[in-house]
Amino acid sequence: ADCNSNKPEWAVVNVGVVVCLQCSGCHRDLGVSVSKVKSLNLDVWSDSEVQLVVSKNGNATVNSTYEANLPSGEKANAGTVRARRRQFICRKYERKEFYTEPMPEPTRQHQQQQQQQQNQNRNPEGLTLKPSRQTRSESSRKCAGNS
C-alpha cells in the first residue's frame, strides 16, 4: 500500500491494507488510534478483523482514496529510507494530506455484483491469514517529525 513492496507480511487492519515489514514499523509508530497493525502469519485474527480488511477491497482501492491528491514523486518505494518512509506514512494516514472523500455509494445492483465478487475472492490481495499466537503489543509512539 505504501511502498508497493511485493512481499507484504503485515496488515493495517483498521485501514484495510497489507504492507511490508518496514512500513509496518512506521504504522506502529502512529499508534493504534491511527493504524492497528497485525502480522499476517504471527498474530491471531478475529473473524471481524478479517472481514474488515476484506471489506476495504485491497490496497488499490484504499490508495485511490488516501493517495488521490498525491503529487508525483511523493510516494515511498521499497528502497525509501526509513525516515522518509515514516514521514510519508504520517502524511498519508495521520495528516491525510493526499486524502479525498470516496466516491458516492454505488447502486444496489453494483453492490450486489461487488458482494458476489467478494464471495468468490475472499482475500483481494491473495494472501493467507494464519491464526497463531500474538507476539507483540501495539506501539503508541508517534512518528518523528509530527508537529
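Here's a quick rundown of the structure. The structure presented is a predicted model; accordingly, all values stated were derived computationally and were not measured. Here the residue numbering is sequential within each chain, running from 1 through the sequence in written order. Per-residue local features are limited, in this predicted model, to residues with pLDDT of at least 70; the limit for side-chain atom pairs, both in listing and counting, is 80 or more; totals at the level of whole chains, interfaces and linings are taken over all residues. As a rule here, side-chain values cover all heavy atoms of the structure and leave hydrogens and water aside.

Bringing the pattern of salt bridges into the picture now. Put simply, a salt bridge is a Lys or Arg side-chain nitrogen that is within 4 Å of an Asp or Glu carboxyl oxygen. Considering all chains together, one arrives at 10 salt bridges under this definition. A salt bridge links Asp 2 to Lys 92; its shortest N-O distance comes to 2.9 Å. Within this pair, whereas Asp 2 is found in the segment before strand 1 (10-12), its partner Lys 92 is found in helix 4 (residues 82-94), the two being separated by 90 residues in sequence. Only protein chains enter the calculation, and the probe is 1.4 Å; a residue is then buried if its accessible area is under 20% of its type maximum, exposed if over 50%, and partly exposed in between. A relative accessible area of 1% means that Asp 2 is categorised as buried. Note on Lys 92: relative accessible area 0%, which makes it buried. Here the residues in one salt-bridge network are Asp 2, Glu 67, Lys 75 and Lys 92, joined through shared partners. Only DSSP runs of H or I covering at least 4 residues are called helices, and only runs of E covering at least 2 are called strands; the numbering of each starts at the N terminus.

Quick look at unusual backbone geometry now. Unlike most non-glycine residues, Asn 57 shows phi in positive territory, near 70 degrees. Take Asn 57: it is sitting in the loop between helix 2 (47-55) and helix 3 (58-66). The class for Asn 57 is partly exposed, based on a relative accessible area of 30%. Phi is positive for Lys 96, which is not a glycine, with a value near 55 degrees. On the secondary structure map, Lys 96 appears in the loop between helix 4 and helix 5 (108-120).

Moving on, we get to helix 3. Looking only at helix 3, the buried set comprises Gly 58, Asn 59, Val 62, Asn 63, Thr 65 and Tyr 66. Down the axis of helix 3, the sector holding all buried residues measures 160 degrees, keeping them to one side. Taken from the helix axis, the directions to the C-beta atoms give the arc we talk about.

What follows concerns the nonpolar core. Grouping buried Ala, Val, Leu, Ile, Met, Phe, Trp, Tyr and Cys residues that are joined through side-chain atoms within 4.5 Å yields what is termed a nonpolar core. Counting residues in each nonpolar core, the largest one holds 21 residues, and the members touching the most others are Val 15, Val 17, Val 19, Cys 23, Leu 30, Ile 89 and Tyr 93. Elements supplying a minimum of two residues to this core: strand 1, strand 2 (17-19), helix 1 (21-30), helix 3 and helix 4. Any pair of residues with heavy atoms lying within 4.5 Å of one another is described as a contacting pair. Among residues more than four places away in sequence, those in contact with Val 19 are Ala 1, Asp 2, Pro 8, Glu 9, Trp 10, Val 12, Ser 24 and His 27.

Note on placement: Val 32 falls in the loop between helix 1 and strand 3 (37-39). The spacing of Val 32 and Asn 14 is 18 residues in sequence and 9.0 Å in space, taken between C-alpha atoms.

For Glu 67, the location among the structural elements is in the loop between helix 3 and helix 4. The buried category is assigned to Glu 67, whose relative accessible area is 13%. Setting aside chain neighbours within four positions, we find Glu 67 in contact with Ala 1, Lys 75, Phe 88, Lys 92 and Phe 98.

Orientation of helix 1 relative to helix 4, taken along the N-to-C sense of each, is 55 degrees, at an axis distance of 9 Å. By the angle between their axes, helix 1 is oblique relative to helix 4. Considering how the two elements wind past one another, helix 1 and helix 4 form a crossing that is right-handed. Counting all contacts with helix 1, which are made through Gln 22, Cys 23, Gly 25, Cys 26, His 27, Asp 29 and Leu 30, the residues of helix 4 involved are Arg 82, Arg 85, Arg 86, Ile 89, Cys 90, Tyr 93 and Glu 94. Looking at the contact of helix 1 with helix 4, its residues break down into 6 nonpolar, 3 polar and 5 charged. To get an axis, fit a line to the C-alpha atoms, keeping to the stretch in contact for a helix; angles then go from 0 to 180 degrees between the N-to-C directions. Roughly parallel covers angles under 35 degrees, roughly antiparallel covers those over 145, roughly perpendicular covers 65 to 115, and oblique covers all other angles. Crossing handedness: left-handed means the near helix sits turned counterclockwise from the far one by under a right angle, and right-handed means the same turn made clockwise. Just so you know the grouping, Ala, Val, Leu, Ile, Met, Phe, Trp, Tyr, Cys and Pro go in nonpolar, Asp, Glu, Lys and Arg go in charged, and all remaining residues, Gly too, go in polar.

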